[in-house]
Amino acid sequence: MQLDRFGEAIAHVDLASQSVRMQPAPEEWLQKYVGGRGLGVRYVFEAGPEIDPLSAENPLCFLNGPISGSEVSMSGRWACVTKSPLTGTVTDSHQGGWTAARLRWAGFDGVIFEGAAAQPTYVLIEDGSITFHDASDLWGKGIHETIEILRERHGGKDVSVNAIGPAGENRSRFAAWVNEDDRAFGRGGTGAVGGVKNLKAMVIKAARKKSEVGDPDAWREARNEALERIRDEANITSPKKGGLSVYGTNVITNITNTIGALGTKNSQSTSFGDRAEAISGETVVDTILTSNPTCHACPVACKKEVEVKEGPWKGLKMESVEYEPAWSLGSNCLNDDLGSIAKLIDQCNDLGLDPIELGNALSMYMEATERGWVEGAGLAWGDTQGMVAMTDAIAVREGDGDLLAEGPALAAERLGHPEIAMTVKGQAVPAYDPRGMKGMGLGYATSNRGACHLRGYVAAAELGVVPIEADPLAWKGKGELMKTFQDLLAFGDSMDLCKFSSFAEGADEYAKQYSVAVGRPVSAEDVMETGERIYNLERLYNNMAGFGAGSDTLPARFLEEPSDAAGSKGHVCELDQMLEEYYAVRGWKDGVVSDDKRAALQIP
């Protein structure tokens, strides 16, 4: 089938009045911001940066890109964009699986929730219509049970459910939305915004449709060229041969550990030593792997479904022990028990929590306990039973779980020791220690949504995943490299393509597929300029929200405490030098977008 022109079917859903208004995205916005992340940022910008993120007025945007629902490889993603209750910045998060495709097949390019429902509510999206349903019987239930009930209630087959759990209902600042495939809008606390709106779930019902956009011959040519790059055995994406396909994202645990870039014990160390092997992707595949599910239109199949074979959580089946949570709940907490990590990730998927933020909250609390800054028993390093219990407490804001539900930055501040929170702009750092991978430090500092590895994944160059030479311990040249990655991935997030497509594709492939999708010629240069525009609009929003000069920084631990591990021993992160270089290529003054840059990129 031929998909309709993207951007025509944007639903504005007023939860307070239970009404739906269909209004196409402005053509100018589509040309400048594409869809997905970029278009969502434009809608959030329109609402104003002064808005309270935990108010009904904060828009919650779920948006596809122009290739969503098609057969383009790695196109099974959509974006959730809002103002973050964790950081106060604009935030976007992306979710895989089949939900994005089903939304397009159901007749919608995006759904923007406004206001708040008077009681717990879920919406059913089907055949071009959106209806409202009472979710009182679902409120308080975990995501897994919620999904099971709603799929059975609405026919089971061809149904996707996107839901929040108790963490979102109780407005944990790092609550997440999770779908039926355990894929999450993980970062930024988007689930808490759903909780504020009394929005429990979205049920999307639509049968699979083999879909194309634009001229069929040009479409197949562009799609096949990109697919060949993904299948190339020289790339990590190569199905059943590349490391990403065989071992999943956790393929890099042993690598970062070896080079002294695997943060350990709340980043007090940069290596987990011999214990890293126990939580690695290789160990997952060798010991607990059961299957390799995949997302819509993805040949890579990086997800790893597992079953715990021993210990207190024997028999647990879940998906998936990714690199980031294996780190945050593993070495970061001095925990090498793979079964417990699987259990904790499964809790996150059921309660609706970001596992990166959770692991950082727990490790911060463990350090505070060790240093005598916590009243009562606290939490010991590697206490797996205590970690599981505290995760439950965070979701329902019980005891010290109420403190940690605020996120590690606010929690550490309230304990009187903000220095032990490994956060940037309120969001916790991911799994690449900036002392062993300098470019990632710059990425954390300059990310527009708080510390993030995905805004500009220079790790692909620093770890040799892509054919760009970048010494992980060198700071020179990282400013320009970071800008390139950030701009390219801002465009990719707006199409909305999986980040891992960039391991095999670049601006040329993106431009060709996008050109066919929108029916007008777009060059690689246009792709990069559009990405730059999106990145600058996000930065402008944050500037207007109060993030000015000095906001692009890192925890002092990364700047002042040298690495203690082989591969990076003695190194700190030279952030100031990289920022000077980065701001020069960005054309910013101390992290602030200038009027000249706004005019050049034609942003508001």
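Refer to the structure printed above.
Computed from a predicted structure; not experimentally measured.

Draft legend 1. Just the overall build of the protein chain, in detail. Helix and strand counts for the protein chain stand at 24 helices and 17 strands. The globule rule puts the C-alpha radius of gyration for 604 residues at 25 Å, and the 22 Å found for the protein chain is close to it. When its C-alpha atoms are laid out on the principal axes, the protein chain stretches across 60 × 55 × 50 Å. For the protein chain, the residues scored as buried account for 65% of the 604 residues in total. Long-range contacts, defined here as pairs at least 24 residues apart, represent 69% of the contacts in the protein chain between residues at least 6 apart. When the accessible surface of the protein chain is split by element, carbon and sulfur atoms take 48% of a total near 19900 Å².

Draft legend 2. Representation of the pairing of strand S5 (residues 90-95). In terms of burial, S5 is a largely internal element, 6 of the 6 residues being buried. Side chains Val-90, Asp-92 and His-94 project from S5 onto one buried face, and the interleaved Thr-91, Ser-93 and Gln-95 project onto a second face that is buried too. Judged from the 6 bridges that link them, strand S4 (residues 78-83) and S5 form a sheet pairing that is antiparallel. In the strand pairing of S5, Lys-83 is matched with Val-90.

Draft legend 3. Region of interest: the sheet that holds strand S11 (residues 184-185). Within the open sheet, the 6 strands sit side by side as S8-S7-S12-S9-S10-S11. Their pairing is mixed. Two strands bound the open sheet, and with one partner strand each, they are strand S8 (129-134) and S11. Pairing between strand S9 (residues 159-163) and strand S10 (residues 177-179): 2 bridges, direction antiparallel. By the bridge assignment, Asn-162 is partnered in S10 with Asn-179. Against the sheet, helix H4 (residues 143-153) contacts strand S7 (121-126), S8, S9, S10 and strand S12 (199-205), and its axis sits at roughly 145° relative to S9.

Draft legend 4. Structural view of helix H21 (residues 524-544). Between its first and last C-alpha atoms H21 spans 30 Å; for 21 residues at 1.5 Å apiece the expected length is 30 Å, and the two agree. With respect to burial, H21 is a largely interior element, 16 of its 21 residues being buried. Immediately downstream of H21, the backbone of Gly-546 shows phi near 110°, a positive value.

Draft legend 5. Spotlight on a negative patch on the surface. On the surface, Asp-508, Glu-525, Asp-526 and Glu-529 cluster together into a patch of negative charge. Residue position: Glu-529 is located in helix H21.

Draft legend 6. The environment of Asn-179, seen in detail. Among the secondary structure elements, Asn-179 is positioned in strand S10. Sequence separation between Asn-179 and Val-161 is 18 residues; the distance between their C-alpha atoms is 5.4 Å. Dropping the residues within four chain positions of it, Asn-179 is found in contact with Gln-95, Gly-96, Gly-97, Thr-99, Ile-147, Val-161 and Asn-162. Of note is the side chain of Asn-179, whose polar atom sits 2.9 Å from the backbone oxygen of Gly-96.

Draft legend 7. Structural context of the nonpolar core. Among the nonpolar cores identified, the biggest contains 126 residues, and Tyr-43, Val-321, Leu-362, Ile-394, Tyr-432, Tyr-457 and Phe-503 are the most heavily contacted of them. Here this core gets 7 residues from one element, more than from any other, and that element is helix H12 (residues 338-351). Among all residues touching Val-321, those that are not within four sequence positions of it are Asn-250, Val-284, Lys-304, Val-306, Ala-326, Leu-338, Ile-341, Ala-342 and Ile-345. Among the nonpolar cores identified, the runner-up in size contains 28 residues, and Ala-101, Leu-103, Ala-117 and Ile-204 belong to it.

Draft legend 8. Just the environment of Arg-171, in detail. Tracing the backbone shows Arg-171 in the loop between helix H5 (166-169) and S10. Residue classification places Arg-171 among the partly exposed positions, given a relative accessible area of 37%. For the pair Arg-171 and Val-193, spaced 22 residues apart in sequence, the C-alpha separation works out to 7.4 Å. Not counting chain neighbours up to four residues away, the residues in contact with Arg-171 comprise Ala-192, Gly-195, Val-196 and Arg-397.

Draft legend 9. Expanded view of the packing of aromatic side chains. In total, this model carries 15 aromatic pairs according to the counting rule given. A centroid spacing of 5.8 Å and a plane angle of 35° characterise the contact between Tyr-457 and Phe-503, whose relative ring orientation is tilted. Remark: Phe-503 occurs in the loop between helix H19 (478-495) and helix H20 (507-518) and Tyr-457 occurs in the loop between helix H17 (438-446) and helix H18 (459-462); sequence separation between them is 46 residues. On the accessibility criterion, Phe-503 (8% relative accessible area) is buried. Ring geometry for Tyr-582 versus Trp-588: centroids 5.7 Å apart, planes at 80°, classification edge-to-face.

Draft legend 10. View of the pattern of salt bridges. Taken as a whole and assessed by the stated rule, the structure comprises 44 salt bridges. Ionic contacts of the salt-bridge type, sharing partners, join the residues Arg-37, Asp-92, Arg-455, Asp-493, Lys-499 and Glu-538 into one network.

Draft legend 11. How the structure looks around the side chain of Thr-87. In this fold, Thr-87 is placed in the loop between S4 and S5. Thr-87 sits in the buried class, given a relative accessible area of 10%. For Thr-87, the side chain forms a polar contact with the side chain of Thr-89, separated by 2.6 Å.

Draft legend 12. The packing of H17 against helix H23 (residues 575-586), seen in detail. Their axes nearest at 10 Å, the elements H17 and H23 cross at an angle of 65°. With respect to their mutual orientation, H17 and H23 come out roughly perpendicular. Here the hand of the crossing between H17 and H23 comes out right-handed. In contact with Lys-438, Gly-439, Gly-441, Leu-442, Ala-445 and Thr-446 of H17, H23 contributes Leu-575, Met-578, Leu-579 and Tyr-582. Tallied by class, residues from the contact of H17 with H23 come to 6 nonpolar, 3 polar and 1 charged.

Draft legend 13. Representation of the sheet that holds strand S15 (residues 317-319) within the structure. Pairing in this open sheet of 3 strands is antiparallel, and the strands run S13-S14-S15 from one edge to the other. Strands at the two margins of the open sheet, each flanked by one partner only, are strand S13 (289-291) and S15. When strand polarity is set aside, the average angle formed by the axes of neighbouring strands in this sheet is 40°. Examined bridge by bridge, S13 and strand S14 (residues 305-307) share 2 bridges and lie antiparallel to one another. In the sheet register, Leu-289 faces S14, and the bridge partner there is Val-306.

Definitions and limits used
- Residues numbered from 1 in each chain as written.
- Predicted model: local features only at pLDDT ≥ 70, side-chain atom pairs only at ≥ 80, totals over all residues.
- Heavy atoms only, no water.
- Helix = DSSP H or I, 4+ residues; strand = E, 2+ residues; numbered from the N terminus.
- Rg over C-alpha atoms; globule rule 2.2 N^0.38 Å.
- Buried < 20%, exposed > 50% of the residue type's maximum accessible area, 1.4 Å probe, protein only.
- Contact = heavy atoms within 4.5 Å.
- Areas by Shrake-Rupley, 256 points an atom, 1.4 Å probe, with all protein chains shown as cover.
- Pairing = 2+ DSSP bridges.
- Axes fitted to C-alpha atoms, helices over the stretch in contact; angles between N-to-C directions.
- Expected span 1.5 Å × (residues − 1).
- Patch = residues over 30% accessible without salt bridge, like charges linked within 9 Å, V, L, I, M, F, W, Y side chains within 5 Å.
- Salt bridge = Lys/Arg side-chain N within 4 Å of Asp/Glu carboxyl O.
- Lys, Arg positive; Asp, Glu negative; His and termini not counted.
- Charge placed at Lys NZ, Arg CZ, Asp CG, Glu CD.
- Polar contact = N/O pair within 3.5 Å; in protein donor to acceptor, adjacent residues only side chain to side chain.
- Core = buried A, V, L, I, M, F, W, Y, C linked by side-chain atoms within 4.5 Å.
- Phe/Tyr/Trp six-rings, centres within 6.5 Å; stacked < 30°, edge-to-face > 60°.
- Parallel < 35°, antiparallel > 145°, perpendicular 65-115°, else oblique.
- Left-handed = near helix turned anticlockwise from the far one by under 90°.
- Nonpolar A, V, L, I, M, F, W, Y, C, P; charged D, E, K, R; others polar.

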